[in-house]
Amino acid sequence: MRTTPMLLAALLATTCSAASDEPPTQLRVELDGRQYVTTAGASLEVDIGGTKKKLRIDELPWRHFAQGSLQFDYPRHFPWESDPSPPRSWTLDGNDAVIMVFEQPRGHARTADDVAAGFEKSLGSGAPAERASAVLRTERAGTLTGVTSKVRVAANTISHEVFALGKDDHAWLLVLQDALDEQGDHSSEYIEMRQRLAATLEF
């Protein structure tokens, strides 16, 4: 059988695509003392009391942040960094979007405006920052208000949304950072991250 150039190109493209796909996560499931090894998204047959059942486990695209009463989902590909020295802080850093969480020690709480000013100063831009009110409507914690700060640095615009959460011994600052595109719009990563945060945030 003679292979045409177009068919050969299609076969090579399929092979290369399969070769470049990241392998699925390996999972070990224990059910009533018996262990099963499978991959995320695959089904396996398990024996429950003499009855065969199909079991499937999928890996979700989210991880769950939980510190004290503060909880929310964030994208699984965001690396986790934490500083355990008080006041503790966490940084969840994506390609364009970043989530930062800072504990607010009792009696030394900072305002959202103070934090936004600190980020503006650290960016060292000669241009004045653009400030506005920030609103995050959440399904579980109600509507949160904070501060939005946009700073032009060289050819890039960096956006920060800062929200103060909780009170007294259970208080945090939540900072959402993004690198805006040339039109001043948020990245798709940031939009997806923020939507999931709004659906799962509670404190």
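In this report, we go over the structure that sits alongside the text. (Residues numbered from 1 in each chain as written. Predicted model: local features only at pLDDT ≥ 70, side-chain atom pairs only at ≥ 80, totals over all residues. Heavy atoms only, no water.)

**Brief notes about the sheet that holds strand E8 (residues 89-93)**
Strand order in the open sheet formed by 7 strands is E7-E8-E9-E13-E12-E11-E10, and the pairing between neighbours is antiparallel. The sheet is open, and its two borders are formed by strand E7 (80-83) and strand E10 (130-138), each paired with just one other strand. Across the sheet, the mean angle separating the axes of adjacent strands is 20 degrees when strand polarity is ignored. Bridge count for strand E12 (residues 156-167) against strand E13 (residues 170-180) is 11 bridges, and the pairing is antiparallel. Bridge pairing in E13 places Ser159 opposite Asp178. Strands strand E9 (98-103), E10, strand E11 (142-153), E12 and E13 of the sheet are contacted by helix H2 (residues 112-123), whose axis makes an angle of about 20 degrees with E11. (Pairing = 2+ DSSP bridges. Helix = DSSP H or I, 4+ residues; strand = E, 2+ residues; numbered from the N terminus. Axes fitted to C-alpha atoms, helices over the stretch in contact; angles between N-to-C directions. Contact = heavy atoms within 4.5 Å.)

**A word on the pairing of E9**
Two elements, E8 and E9, share 5 bridges in a ladder whose sense is antiparallel. Within the sheet, the bridge partner assigned to Leu92 lies in E9 and is Ile99. Where E8 folds back on E9, the antiparallel hairpin that results is connected by 4 residues. Pairing between E9 and E13: 6 bridges, direction antiparallel. Bridge pairing in E13 links Phe102 to Leu173.

**A few points about the packing of aromatic side chains**
Throughout the structure, instances matching the rule amount to 3 aromatic pairs. Aromatic pair Phe65 and Trp90: ring centres 5.6 Å apart, planes at 90 degrees, arrangement edge-to-face. On the criterion of sequence distance, the pair formed by Phe65 in strand E5 (residues 62-67) and Trp90 in strand E8 is long-range, its members being 25 residues apart. Classification of Phe65 as buried rests on a relative accessible area of 0%. Aromatic rings pair up to connect Phe65, Phe72, Trp80 and Trp90 into one cluster. (Phe/Tyr/Trp six-rings, centres within 6.5 Å; stacked < 30°, edge-to-face > 60°. Buried < 20%, exposed > 50% of the residue type's maximum accessible area, 1.4 Å probe, protein only.)

Remember that the coordinates give geometry; whether it matters functionally is a separate question.
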